[in-house]
Amino acid sequence: MNRNAEYQSLLAELETVPDGLQSTVQRVYTRKKTLQKRRRLILTPILGMAACFAAFVLLVNLSVPFASACGRVPWLRELAKAVAFSPSLSAAVENEYVQPIGQSQTVNGITATVEYVIVDQKQLNIFFTLNSRDYDNLSAEMPEFLETQQCSVIGANFRQPPGTLLRYTLDYVDHDVPEELTMTFGVTTWEEPNYTENIPPSNSIYEDDMLEPREEPEAEILAEFTFTLHINPDLTAKGEIVPVNADFTLGGQALRVTDVEIYPTHVRVNVAAEPENTAWLKDLEFYLEDEAGTQFEPISNGVSGTGEEDSPMIISYRLESPYFADCQHLTLHITEALWLDKDMEQVKVDLERGLAERLPEDVTLQRAEHRKGGWILIFLVKEEEGKGHRSPMSMTFYDEEGNEFYAASSGYSTNDETGVAEQMLPLPDFHGDIVWLCPNYSRWTREAIPVTIPVK
(Lines give C-alpha, C1' and ligand atoms only; values in the text may rest on other atoms or scores of the structure.)
Protein backbone atom coordinates (compact mmCIF):
# COMPACT_ATOMS: atom_id res chain seq x y z
CA MET A 1 0.00 0.00 0.00
CA ASN A 2 1.45 3.39 -0.97
CA ARG A 3 1.31 6.40 1.34
CA ASN A 4 -1.69 8.04 -0.36
CA ALA A 5 -3.68 4.81 -0.10
CA GLU A 6 -2.57 4.43 3.51
CA TYR A 7 -3.70 7.96 4.24
CA GLN A 8 -7.13 7.33 2.69
CA SER A 9 -7.41 4.09 4.65
CA LEU A 10 -6.66 5.90 7.89
CA LEU A 11 -9.30 8.50 7.13
CA ALA A 12 -11.83 5.76 6.49
CA GLU A 13 -10.97 4.18 9.85
CA LEU A 14 -11.82 7.46 11.56
CA GLU A 15 -15.07 8.31 9.74
CA THR A 16 -17.14 7.38 12.80
CA VAL A 17 -17.19 10.49 14.96
CA PRO A 18 -16.85 9.60 18.66
CA ASP A 19 -18.96 11.32 21.29
CA GLY A 20 -17.69 14.81 22.00
CA LEU A 21 -15.39 14.99 18.98
CA GLN A 22 -17.44 17.62 17.11
CA SER A 23 -17.10 20.12 19.92
CA THR A 24 -13.46 19.13 20.38
CA VAL A 25 -12.67 19.95 16.76
CA GLN A 26 -14.24 23.38 17.21
CA ARG A 27 -12.18 23.92 20.36
CA VAL A 28 -9.01 22.86 18.53
CA TYR A 29 -9.83 25.23 15.66
CA THR A 30 -10.44 28.11 18.06
CA ARG A 31 -7.27 27.37 19.99
CA LYS A 32 -5.19 27.05 16.85
CA LYS A 33 -6.36 30.48 15.62
CA THR A 34 -5.15 32.04 18.87
CA LEU A 35 -1.70 30.51 18.60
CA GLN A 36 1.11 32.55 17.12
CA LYS A 37 1.51 32.15 13.36
CA ARG A 38 4.21 29.67 12.55
CA ARG A 39 6.74 29.73 9.77
CA ARG A 40 5.79 26.98 7.33
CA LEU A 41 8.14 24.82 5.31
CA ILE A 42 6.28 23.59 2.24
CA LEU A 43 6.90 19.94 1.39
CA THR A 44 4.72 19.24 -1.62
CA PRO A 45 5.18 15.44 -1.87
CA ILE A 46 3.89 14.84 1.66
CA LEU A 47 1.23 17.49 2.21
CA GLY A 48 -1.59 14.94 2.46
CA MET A 49 0.05 12.75 5.06
CA ALA A 50 1.52 15.67 6.98
CA ALA A 51 -1.90 17.37 7.22
CA CYS A 52 -3.15 14.16 8.80
CA PHE A 53 -0.18 14.32 11.19
CA ALA A 54 -0.88 17.92 12.20
CA ALA A 55 -4.57 17.35 12.90
CA PHE A 56 -3.79 14.18 14.77
CA VAL A 57 -1.16 15.75 17.04
CA LEU A 58 -3.56 18.51 18.09
CA LEU A 59 -6.58 16.24 18.56
CA VAL A 60 -4.81 13.44 20.36
CA ASN A 61 -3.54 15.90 22.97
CA LEU A 62 -6.85 17.71 23.45
CA SER A 63 -9.51 15.05 23.03
CA VAL A 64 -9.85 11.86 25.04
CA PRO A 65 -12.61 10.58 22.70
CA PHE A 66 -10.44 11.20 19.66
CA ALA A 67 -7.45 9.50 21.25
CA SER A 68 -9.67 6.55 22.10
CA ALA A 69 -10.94 6.34 18.53
CA CYS A 70 -7.39 6.42 17.22
CA GLY A 71 -6.34 3.74 19.66
CA ARG A 72 -7.54 1.00 17.35
CA VAL A 73 -5.25 2.23 14.55
CA PRO A 74 -1.76 1.01 15.59
CA TRP A 75 0.18 3.34 13.28
CA LEU A 76 -1.56 6.45 14.67
CA ARG A 77 -1.20 5.28 18.23
CA GLU A 78 2.53 4.73 17.81
CA LEU A 79 2.92 8.11 16.11
CA ALA A 80 1.43 9.76 19.20
CA LYS A 81 4.04 8.07 21.38
CA ALA A 82 6.82 9.02 18.98
CA VAL A 83 6.15 12.77 18.99
CA ALA A 84 4.88 13.25 22.54
CA PHE A 85 8.31 13.21 24.22
CA SER A 86 9.80 15.99 22.10
CA PRO A 87 8.34 19.48 21.65
CA SER A 88 10.69 20.02 18.68
CA LEU A 89 9.66 16.86 16.84
CA SER A 90 6.01 17.52 17.64
CA ALA A 91 6.35 20.98 16.09
CA ALA A 92 8.11 19.47 13.07
CA VAL A 93 5.24 17.05 12.48
CA GLU A 94 2.64 19.77 13.02
CA ASN A 95 4.38 21.88 10.39
CA GLU A 96 4.54 19.08 7.80
CA TYR A 97 8.29 18.70 8.18
CA VAL A 98 8.47 14.92 7.58
CA GLN A 99 10.00 12.85 4.79
CA PRO A 100 8.22 9.51 4.18
CA ILE A 101 10.45 6.53 3.37
CA GLY A 102 8.33 3.34 3.31
CA GLN A 103 11.18 0.84 2.79
CA SER A 104 10.49 -2.73 4.00
CA GLN A 105 12.54 -5.92 4.21
CA THR A 106 11.64 -9.36 5.56
CA VAL A 107 14.30 -11.72 6.94
CA ASN A 108 13.59 -14.95 8.84
CA GLY A 109 9.97 -14.02 9.40
CA ILE A 110 10.77 -10.54 10.74
CA THR A 111 9.77 -7.46 8.74
CA ALA A 112 11.60 -4.18 9.28
CA THR A 113 10.06 -1.03 7.80
CA VAL A 114 11.63 2.41 7.79
CA GLU A 115 8.47 4.51 7.94
CA TYR A 116 9.71 8.11 7.77
CA VAL A 117 12.47 10.46 8.86
CA ILE A 118 12.61 13.90 10.43
CA VAL A 119 15.90 15.37 9.29
CA ASP A 120 17.72 18.67 9.18
CA GLN A 121 21.27 19.73 8.46
CA LYS A 122 22.76 18.20 11.63
CA GLN A 123 20.35 15.59 12.98
CA LEU A 124 18.51 12.62 11.52
CA ASN A 125 15.61 10.91 13.33
CA ILE A 126 14.72 7.56 11.77
CA PHE A 127 11.32 6.07 12.70
CA PHE A 128 10.87 2.39 11.94
CA THR A 129 8.92 -0.72 12.97
CA LEU A 130 9.73 -4.40 13.52
CA ASN A 131 6.98 -6.95 12.97
CA SER A 132 6.76 -10.71 13.46
CA ARG A 133 4.17 -13.27 14.52
CA ASP A 134 6.83 -15.45 16.13
CA TYR A 135 7.97 -13.18 19.00
CA ASP A 136 6.29 -11.15 21.70
CA ASN A 137 9.16 -8.63 21.91
CA LEU A 138 11.85 -7.42 19.53
CA SER A 139 14.90 -5.20 19.89
CA ALA A 140 16.88 -3.32 17.27
CA GLU A 141 20.58 -3.40 18.10
CA MET A 142 22.76 -0.32 17.66
CA PRO A 143 23.19 0.37 13.94
CA GLU A 144 26.50 0.26 12.11
CA PHE A 145 27.49 2.70 9.36
CA LEU A 146 30.17 3.10 6.75
CA GLU A 147 33.34 4.77 8.05
CA THR A 148 32.52 7.93 6.11
CA GLN A 149 29.13 8.19 7.83
CA GLN A 150 30.17 8.16 11.49
CA CYS A 151 28.01 10.07 13.97
CA SER A 152 26.69 9.93 17.53
CA VAL A 153 23.75 7.55 17.86
CA ILE A 154 20.95 7.13 20.35
CA GLY A 155 19.58 3.62 20.02
CA ALA A 156 15.98 2.46 19.92
CA ASN A 157 14.06 1.22 22.95
CA PHE A 158 14.69 -2.46 23.67
CA ARG A 159 12.22 -5.31 24.20
CA GLN A 160 9.25 -3.67 22.51
CA PRO A 161 6.10 -5.44 21.22
CA PRO A 162 6.13 -6.07 17.46
CA GLY A 163 4.73 -3.09 15.55
CA THR A 164 6.05 -0.48 18.02
CA LEU A 165 7.28 2.66 16.29
CA LEU A 166 11.00 2.82 17.15
CA ARG A 167 13.51 5.59 16.63
CA TYR A 168 17.21 6.04 15.99
CA THR A 169 18.65 9.54 16.48
CA LEU A 170 21.81 10.33 14.53
CA ASP A 171 23.66 13.49 15.60
CA TYR A 172 26.41 15.02 13.44
CA VAL A 173 29.06 17.44 14.67
CA ASP A 174 31.95 17.68 12.21
CA HIS A 175 29.87 17.37 9.05
CA ASP A 176 26.29 17.54 7.83
CA VAL A 177 23.75 14.75 7.48
CA PRO A 178 24.68 12.90 4.25
CA GLU A 179 22.28 12.72 1.33
CA GLU A 180 22.70 8.93 1.26
CA LEU A 181 23.08 6.78 4.34
CA THR A 182 23.61 3.01 4.63
CA MET A 183 22.89 1.44 8.01
CA THR A 184 22.97 -2.18 9.18
CA PHE A 185 21.38 -3.45 12.38
CA GLY A 186 20.51 -6.78 13.93
CA VAL A 187 17.26 -7.75 15.62
CA THR A 188 17.06 -9.77 18.84
CA THR A 189 14.45 -10.93 21.31
CA TRP A 190 14.52 -11.43 25.06
CA GLU A 191 13.44 -14.57 26.86
CA GLU A 192 12.87 -14.92 30.59
CA PRO A 193 16.03 -16.54 32.03
CA ASN A 194 15.89 -19.83 33.86
CA TYR A 195 16.56 -18.81 37.44
CA THR A 196 16.80 -22.43 38.58
CA GLU A 197 20.26 -22.64 37.00
CA ASN A 198 23.41 -21.13 38.50
CA ILE A 199 21.67 -20.09 41.72
CA PRO A 200 24.24 -18.16 43.79
CA PRO A 201 25.14 -19.45 47.26
CA SER A 202 22.74 -18.42 50.00
CA ASN A 203 25.40 -16.26 51.66
CA SER A 204 26.03 -14.29 48.45
CA ILE A 205 25.02 -10.65 48.70
CA TYR A 206 24.58 -7.81 46.25
CA GLU A 207 27.99 -6.25 46.89
CA ASP A 208 29.83 -9.47 46.05
CA ASP A 209 27.76 -9.87 42.89
CA MET A 210 28.86 -6.40 41.79
CA LEU A 211 32.49 -7.33 42.27
CA GLU A 212 32.08 -10.61 40.39
CA PRO A 213 29.47 -9.90 37.72
CA ARG A 214 28.08 -12.86 35.86
CA GLU A 215 28.61 -12.62 32.14
CA GLU A 216 25.37 -12.23 30.24
CA PRO A 217 25.21 -14.42 27.13
CA GLU A 218 25.13 -12.44 23.91
CA ALA A 219 21.66 -12.22 22.40
CA GLU A 220 21.13 -14.25 19.26
CA ILE A 221 20.78 -12.16 16.13
CA LEU A 222 17.48 -13.31 14.64
CA ALA A 223 17.74 -11.18 11.50
CA GLU A 224 20.00 -8.53 10.06
CA PHE A 225 18.87 -5.64 7.90
CA THR A 226 20.72 -3.18 5.70
CA PHE A 227 18.89 -0.08 4.50
CA THR A 228 20.16 2.62 2.19
CA LEU A 229 18.27 5.83 2.82
CA HIS A 230 18.20 8.66 0.32
CA ILE A 231 17.64 11.99 2.03
CA ASN A 232 16.14 14.65 -0.23
CA PRO A 233 18.37 17.72 0.25
CA ASP A 234 15.64 19.97 -1.17
CA LEU A 235 13.45 19.01 1.81
CA THR A 236 16.20 19.27 4.43
CA ALA A 237 16.44 22.57 6.33
CA LYS A 238 19.95 24.02 6.54
CA GLY A 239 19.33 25.79 9.82
CA GLU A 240 20.36 29.25 10.95
CA ILE A 241 23.72 29.99 12.54
CA VAL A 242 23.58 33.16 14.64
CA PRO A 243 26.96 34.67 15.65
CA VAL A 244 26.86 35.79 19.28
CA ASN A 245 30.45 36.14 20.61
CA ALA A 246 29.26 37.21 24.06
CA ASP A 247 31.73 37.01 26.96
CA PHE A 248 30.50 36.32 30.47
CA THR A 249 31.80 35.16 33.85
CA LEU A 250 30.24 32.33 35.82
CA GLY A 251 31.61 30.74 38.98
CA GLY A 252 34.83 32.72 38.63
CA GLN A 253 35.44 31.27 35.15
CA ALA A 254 35.61 33.23 31.88
CA LEU A 255 33.37 31.85 29.13
CA ARG A 256 32.04 32.90 25.75
CA VAL A 257 28.91 31.96 23.82
CA THR A 258 30.38 31.84 20.32
CA ASP A 259 27.23 31.16 18.31
CA VAL A 260 23.79 29.59 18.37
CA GLU A 261 22.62 27.12 15.70
CA ILE A 262 18.86 26.85 15.15
CA TYR A 263 17.54 23.73 13.38
CA PRO A 264 14.02 22.26 13.17
CA THR A 265 14.87 19.38 15.54
CA HIS A 266 17.05 21.20 18.08
CA VAL A 267 19.17 24.23 18.98
CA ARG A 268 22.91 24.15 19.65
CA VAL A 269 24.48 26.69 22.00
CA ASN A 270 28.26 26.62 21.50
CA VAL A 271 30.56 27.73 24.30
CA ALA A 272 34.31 28.41 24.55
CA ALA A 273 36.46 28.87 27.66
CA GLU A 274 39.61 30.83 28.45
CA PRO A 275 42.72 28.62 28.85
CA GLU A 276 43.45 30.30 32.19
CA ASN A 277 40.26 28.93 33.75
CA THR A 278 40.76 26.72 36.80
CA ALA A 279 37.76 24.45 36.07
CA TRP A 280 36.20 22.59 33.16
CA LEU A 281 32.60 23.38 32.30
CA LYS A 282 30.60 20.13 32.62
CA ASP A 283 27.01 21.35 32.33
CA LEU A 284 24.83 24.44 32.08
CA GLU A 285 21.34 25.20 33.32
CA PHE A 286 19.74 27.65 30.89
CA TYR A 287 16.86 28.33 28.53
CA LEU A 288 15.96 30.42 25.50
CA GLU A 289 13.09 32.90 25.67
CA ASP A 290 11.32 34.75 22.88
CA GLU A 291 9.68 38.16 22.97
CA ALA A 292 6.35 36.64 24.03
CA GLY A 293 7.88 34.93 27.06
CA THR A 294 7.81 31.42 25.58
CA GLN A 295 10.69 29.37 26.96
CA PHE A 296 12.62 26.66 25.12
CA GLU A 297 14.22 24.27 27.58
CA PRO A 298 17.24 21.93 27.25
CA ILE A 299 16.65 18.61 25.50
CA SER A 300 15.32 16.10 28.01
CA ASN A 301 15.16 13.03 25.75
CA GLY A 302 17.97 12.84 23.23
CA VAL A 303 21.46 14.22 22.67
CA SER A 304 21.94 16.90 25.33
CA GLY A 305 25.47 18.03 24.51
CA THR A 306 28.87 17.20 23.07
CA GLY A 307 32.36 17.66 24.45
CA GLU A 308 35.95 18.22 23.43
CA GLU A 309 38.17 15.31 22.50
CA ASP A 310 41.14 16.49 24.54
CA SER A 311 39.44 17.75 27.70
CA PRO A 312 36.47 16.97 29.98
CA MET A 313 34.69 20.19 28.93
CA ILE A 314 31.23 20.13 27.31
CA ILE A 315 31.31 22.74 24.56
CA SER A 316 27.94 22.39 22.78
CA TYR A 317 24.52 22.20 24.44
CA ARG A 318 21.16 21.18 22.95
CA LEU A 319 17.77 22.82 23.50
CA GLU A 320 14.29 22.43 22.13
CA SER A 321 13.88 24.43 18.95
CA PRO A 322 11.95 27.66 18.20
CA TYR A 323 12.47 27.02 14.47
CA PHE A 324 8.74 26.80 13.68
CA ALA A 325 7.73 29.58 16.08
CA ASP A 326 7.32 33.10 14.76
CA CYS A 327 10.13 34.51 16.89
CA GLN A 328 11.65 37.87 16.14
CA HIS A 329 13.91 37.94 19.20
CA LEU A 330 15.58 35.26 21.35
CA THR A 331 17.40 35.72 24.65
CA LEU A 332 19.58 33.15 26.43
CA HIS A 333 19.23 32.98 30.24
CA ILE A 334 21.98 31.07 32.11
CA THR A 335 21.17 30.21 35.71
CA GLU A 336 23.66 27.53 36.87
CA ALA A 337 26.87 25.77 35.87
CA LEU A 338 28.46 22.49 36.84
CA TRP A 339 32.26 22.43 37.08
CA LEU A 340 35.10 19.97 37.36
CA ASP A 341 38.06 21.75 38.95
CA LYS A 342 41.21 21.03 36.98
CA ASP A 343 43.01 19.87 40.14
CA MET A 344 40.20 17.35 40.82
CA GLU A 345 40.37 15.26 37.66
CA GLN A 346 41.67 12.55 39.98
CA VAL A 347 41.32 12.34 43.77
CA LYS A 348 43.22 10.12 46.17
CA VAL A 349 41.31 7.80 48.52
CA ASP A 350 42.90 5.89 51.44
CA LEU A 351 40.81 2.73 51.42
CA GLU A 352 42.10 1.29 54.69
CA ARG A 353 41.25 4.46 56.59
CA GLY A 354 38.14 5.30 54.53
CA LEU A 355 39.35 8.83 53.84
CA ALA A 356 39.28 10.88 50.63
CA GLU A 357 41.48 13.94 50.19
CA ARG A 358 38.75 15.76 48.23
CA LEU A 359 35.26 14.93 47.04
CA PRO A 360 32.61 16.72 44.96
CA GLU A 361 30.29 19.20 46.64
CA ASP A 362 27.65 17.58 48.88
CA VAL A 363 29.29 14.13 48.55
CA THR A 364 30.75 12.17 51.48
CA LEU A 365 32.46 8.78 51.65
CA GLN A 366 30.39 6.77 54.09
CA ARG A 367 32.57 3.64 54.15
CA ALA A 368 34.99 1.44 52.23
CA GLU A 369 34.65 -2.35 52.50
CA HIS A 370 37.33 -4.84 51.46
CA ARG A 371 35.89 -8.08 50.07
CA LYS A 372 37.18 -11.16 48.31
CA GLY A 373 36.59 -9.68 44.87
CA GLY A 374 37.91 -6.17 45.61
CA TRP A 375 36.61 -3.06 47.36
CA ILE A 376 33.14 -1.54 47.68
CA LEU A 377 32.85 2.22 48.22
CA ILE A 378 29.63 3.78 49.53
CA PHE A 379 29.09 7.49 48.85
CA LEU A 380 26.26 9.64 50.21
CA VAL A 381 25.06 12.29 47.77
CA LYS A 382 22.85 15.18 48.84
CA GLU A 383 20.39 15.73 46.03
CA GLU A 384 18.63 18.94 45.16
CA GLU A 385 15.10 19.04 43.85
CA GLY A 386 14.96 19.14 40.09
CA LYS A 387 18.59 18.09 39.60
CA GLY A 388 17.85 14.41 39.01
CA HIS A 389 20.32 11.64 39.68
CA ARG A 390 23.93 12.49 38.88
CA SER A 391 26.61 9.95 39.71
CA PRO A 392 29.56 11.75 41.36
CA MET A 393 32.22 9.22 40.35
CA SER A 394 33.36 7.80 37.03
CA MET A 395 33.60 4.04 36.52
CA THR A 396 37.33 4.39 35.72
CA PHE A 397 39.92 4.34 38.52
CA TYR A 398 43.70 3.91 38.95
CA ASP A 399 46.21 2.39 41.33
CA GLU A 400 49.26 4.24 42.65
CA GLU A 401 51.35 3.11 39.65
CA GLY A 402 48.84 4.61 37.24
CA ASN A 403 47.37 1.31 36.02
CA GLU A 404 43.79 1.75 34.80
CA PHE A 405 40.85 -0.27 36.11
CA TYR A 406 37.18 -0.17 35.20
CA ALA A 407 33.97 -1.00 37.05
CA ALA A 408 31.38 -2.62 34.78
CA SER A 409 28.46 -1.54 36.98
CA SER A 410 27.55 0.58 39.97
CA GLY A 411 24.52 0.99 42.21
CA TYR A 412 22.51 4.14 42.86
CA SER A 413 19.54 4.50 45.19
CA THR A 414 17.58 7.50 46.45
CA ASN A 415 15.65 8.39 49.58
CA ASP A 416 12.88 10.86 48.77
CA GLU A 417 12.30 11.65 52.43
CA THR A 418 15.88 12.65 53.28
CA GLY A 419 16.97 13.91 49.86
CA VAL A 420 20.16 11.87 50.23
CA ALA A 421 21.13 9.32 47.59
CA GLU A 422 23.62 6.49 47.88
CA GLN A 423 26.13 5.50 45.23
CA MET A 424 27.75 2.10 45.53
CA LEU A 425 30.97 1.99 43.51
CA PRO A 426 32.69 -1.41 43.17
CA LEU A 427 36.45 -1.67 42.59
CA PRO A 428 36.70 -5.18 41.12
CA ASP A 429 40.06 -7.01 41.27
CA PHE A 430 41.54 -4.13 43.25
CA HIS A 431 43.31 -4.98 46.50
CA GLY A 432 45.64 -2.05 47.12
CA ASP A 433 45.29 0.44 49.98
CA ILE A 434 45.28 3.60 47.83
CA VAL A 435 43.04 4.28 44.82
CA TRP A 436 42.72 7.29 42.54
CA LEU A 437 39.12 8.02 41.55
CA CYS A 438 37.87 10.24 38.72
CA PRO A 439 35.04 12.59 39.80
CA ASN A 440 32.44 13.51 37.19
CA TYR A 441 32.17 17.01 38.67
CA SER A 442 33.33 19.01 41.67
CA ARG A 443 30.80 21.80 42.33
CA TRP A 444 27.75 23.78 41.19
CA THR A 445 27.59 27.55 40.91
CA ARG A 446 24.21 29.28 40.92
CA GLU A 447 23.39 32.79 39.82
CA ALA A 448 20.78 34.71 41.83
CA ILE A 449 20.34 36.91 38.76
CA PRO A 450 20.65 34.87 35.54
CA VAL A 451 23.28 35.78 32.99
CA THR A 452 21.31 37.24 30.07
CA ILE A 453 22.67 37.13 26.54
CA PRO A 454 20.75 38.46 23.51
CA VAL A 455 20.87 35.98 20.63
CA LYS A 456 18.81 37.80 18.03
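Everything below is about the structure shown above.
Residues numbered from 1 in each chain as written. Predicted model: local features only at pLDDT ≥ 70, side-chain atom pairs only at ≥ 80, totals over all residues. Heavy atoms only, no water.

Caption draft 1: Geometry of the nonpolar core. Within the largest apolar cluster, 72 residues are counted, with the highest numbers of intra-cluster contacts made by L427 and L437. In terms of residue count, strand β17 (residues 330-341) provides more of this core than any other element does, seven residues in total. Filtering out sequence-adjacent residues up to four positions away, L427 remains in contact with L211, L351, G373, G374, W375, L377, F397, V435 and L437. (Core = buried A, V, L, I, M, F, W, Y, C linked by side-chain atoms within 4.5 Å. Buried < 20%, exposed > 50% of the residue type's maximum accessible area, 1.4 Å probe, protein only. Helix = DSSP H or I, 4+ residues; strand = E, 2+ residues; numbered from the N terminus. Contact = heavy atoms within 4.5 Å.)

Caption draft 2: Examining a negative patch on the surface more closely. A cluster of acidic residues, D174, E308, E309 and D310, forms a negative patch on the protein surface. By the secondary structure assignment, D174 is in the loop between β7 (166-171) and β8 (180-188). (Patch = residues over 30% accessible without salt bridge, like charges linked within 9 Å, V, L, I, M, F, W, Y side chains within 5 Å. Areas by Shrake-Rupley, 256 points an atom, 1.4 Å probe, with all protein chains shown as cover. Salt bridge = Lys/Arg side-chain N within 4 Å of Asp/Glu carboxyl O. Lys, Arg positive; Asp, Glu negative; His and termini not counted. Charge placed at Lys NZ, Arg CZ, Asp CG, Glu CD.)

Caption draft 3: View of the pattern of salt bridges. Under the definition given, this model contains 11 salt bridges. A salt bridge links R358 to D341; the shortest N-O distance between them is 3.7 Å. Remark: D341 occurs in strand β17 and R358 occurs in the loop between β19 (355-356) and β20 (363-371); sequence separation between them is 17 residues. With a relative accessible area of 10%, D341 lands in the buried category. Residues D341 and R443 are paired through a salt bridge, measuring 3.0 Å at the closest nitrogen-oxygen approach.

Caption draft 4: Highlighting the sheet that holds strand β10 (residues 240-250). What the five strands build is an open sheet, ordered β10-β11-β12-β16-β15; its pairing is antiparallel. Because the sheet does not close on itself, it has two edges, and the strands there are β10 and β15 (305-307). Here the average twist between neighbouring strands, direction ignored, is 20°. Here three bridges tie β15 to strand β16 (residues 314-319), and the two strands are oriented antiparallel to one another. Bridge pairing in β16 places T306 opposite S316. (Pairing = 2+ DSSP bridges. Axes fitted to C-alpha atoms, helices over the stretch in contact; angles between N-to-C directions.)

Caption draft 5: Representation of the packing of aromatic side chains in the model. By the definition in use, this model includes 13 aromatic pairs. Between F185 and F227, the aromatic rings sit 6.3 Å apart at their centres with planes inclined by 15°, giving stacked as the arrangement. Of the two residues, F185 sits in strand β8 while F227 sits in strand β9 (residues 223-230), which places them 42 residues apart along the sequence. Grouping residues by exposure puts F185 and F227 together as buried. Ring geometry for F397 against F405: centres 5.5 Å apart, planes inclined by 10°, an arrangement best described as stacked. Its relative accessible area of 22% is what places F405 among the partly exposed residues. Grouping aromatic residues by their ring pairs yields a cluster made of F128, Y168, F185, F225 and F227. Its end group placed over the ring of W280, K342 keeps NZ or CZ at 4.4 Å from the ring centre. (Phe/Tyr/Trp six-rings, centres within 6.5 Å; stacked < 30°, edge-to-face > 60°. Lys NZ or Arg CZ within 6 Å of the ring centre and 35° of its normal.)

Caption draft 6: Up close: the sheet that holds β20. Read across the open sheet, the four strands follow the order β20-β21-β25-β24; overall the sheet is antiparallel. In this open sheet, the two strands that pair with only one neighbour each are β20 and β24 (411-415). For this sheet, the mean inter-axis angle between neighbouring strands, taken without regard to orientation, is 15°. Strand direction decides the pairing type here: β20 and strand β21 (residues 374-382), joined by eight bridges, are antiparallel. Each bridged residue has a counterpart across the sheet, and for R367 the counterpart in β21 is I378.

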